[in-house]
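Take a look at the letters that make up each chain.
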Amino acid sequence: MQYTQLGRTGLTVSRLCLGTMNFGAETDEAHSFAVMDRALELGINFFDTADVYGKPRLEGVTESLIGRWLSQGGGRREKIVLATKVYNPMGLAPLDRGLSARHIRLACDDSLRRLQTDYIDLYQMHHIDRGKPEAPIVEMFGLPYAEQVATIDHGAPWEEIWQAMEQLVAAGKIVYVGSSNFAAWNIAQANTLAASRNFLGLVSEQSKYHLGCRMIELEVVPACHELGLGLIPWSPLGGGLLAGVLEKAAEGRRSRFSKDTIEKQRTKLEAYEALCGELGQRPADVALAWLLANPVVTAPIIGPRTEDQLAGSMRALEIQLSEEVLSRLDEIWPGPGGEAPEAYAW
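Residues numbered from 1 in each chain as written. Predicted model: local features only at pLDDT ≥ 70, side-chain atom pairs only at ≥ 80, totals over all residues. Heavy atoms only, no water.

(A) Highlighting the pairing of strand 5 (residues 81–86). Counting buried positions along strand 5 yields 6 of 6 residues, so the element is predominantly enclosed. Burial along strand 5 is two-sided: the face carrying Val81, Ala83 and Lys85 and the face carrying Leu82, Thr84 and Val86 are both buried. Inspection of the sheet shows strand 4 (residues 46–48) paired to strand 5 by 3 bridges, in the parallel sense. Across the sheet, the residue bridging to phenylalanine 47 is leucine 82, located in strand 5. Here 4 bridges tie strand 5 to strand 6 (residues 120–125), and the two strands are oriented parallel to one another. From the neighbouring strand, valine 86 faces strand 6, where its bridge partner is methionine 125. Assessed by its sense of winding, the connection that carries the chain from strand 5 through helix 4 (residues 101–115) to strand 6 is right-handed. (Buried < 20%, exposed > 50% of the residue type's maximum accessible area, 1.4 Å probe, protein only. Helix = DSSP H or I, 4+ residues; strand = E, 2+ residues; numbered from the N terminus. Pairing = 2+ DSSP bridges. Right-handed = clockwise from strand over helix to strand, strands pointing away.)

And the structure:
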């Protein structure tokens, strides 16, 4: 295993982060425990979860599962950097979501209880708070109050959010604060105010980022670089699209992607998988290696459902992509053209 520091902090984390969204949903408890044990054996010390993960929804299923794993002892808690999230609905009332000081405080206590720990290493805001739930969230959780809050035009101000986070740090309940799915200006605004309060502010950002989804290179990646946030990419394999989807289809294996989705990307996928074949590497490993080659990236989040999938991901750490290969990947999967404003103005 390789290690780095989380953004500008002194916190040492593994270059791969174990994502747990499948635990308690697609992966049962016994297999989830086995994957976490194997992760420790492989040197992975960075575990990511969220209060909202698991099924049935609104019950904190994944956090509770991790809590039972931690309760087995053996120094498990002391060996990992534990990250979880706050923001999404954890009930069907308007008060049960968002980034109000009230919800942050109560949600943190609930996460601590479920995780069976007395502190969270990295407490992440799952989304910027705009006051009312986004349409996909309303649909996903079946929120009954969407129309009643439709006129709300703002979320919690940063003064309120940072006061709540400062109190949690002072109480020893959390150590660091991170963001997820933030725009660059959200990050800049948050950390400017945090600095004025003599507070460390955001130390990491979780964003959707992979070869086929590079929009954050316009502003989020530069913001993380300049402000010292570690970038933690989620969906590093594009949901599996970058894991050899054409090869698997040729072998008769089922795909979670529709035929139309694959056909729209076929030219790129054919070129990509051919390049991976030239390199003698699995497509999934090349996709992870591409992220790891970015100095702003702390650790991609991998979401293995089995021990074999977890062990296979380790190969990405050994791949060093040459400048020529990186250029060929840019040709296949072009980004937005660099940073803003040069990407579109000059």
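(B) The arrangement of the packing of helix 6 (residues 158–170) against helix 7 (residues 184–196) in detail. Here helix 6 crosses helix 7 at 60°, and the two axes come no closer than 10 Å. In terms of axis orientation, helix 6 runs oblique to helix 7. When you trace helix 6 past helix 7, the crossing you get is right-handed. In contact with Trp158, Glu159 and Trp162 of helix 6, helix 7 contributes Asn186, Gln189, Ala190, Asn191, Leu193 and Ala194. (Axes fitted to C-alpha atoms, helices over the stretch in contact; angles between N-to-C directions. Parallel < 35°, antiparallel > 145°, perpendicular 65-115°, else oblique. Left-handed = near helix turned anticlockwise from the far one by under 90°. Contact = heavy atoms within 4.5 Å.)

(C) Structural detail: helix 13 (residues 323–332). Looking at helix 13, one finds that the buried residues are Val325, Leu326, Leu329 and Ile332. Mapping the buried residues of helix 13 onto a view down its axis gives an arc of 120°, with all of them on the same face. Of the exposed residues in helix 13, the ones pointing more than 90 degrees away from its buried face are Glu323, Glu324 and Glu331. Buried positions along helix 13 lie against helix 10 (259–279) and helix 11 (283–292). (Arc of directions from axis to C-beta.)

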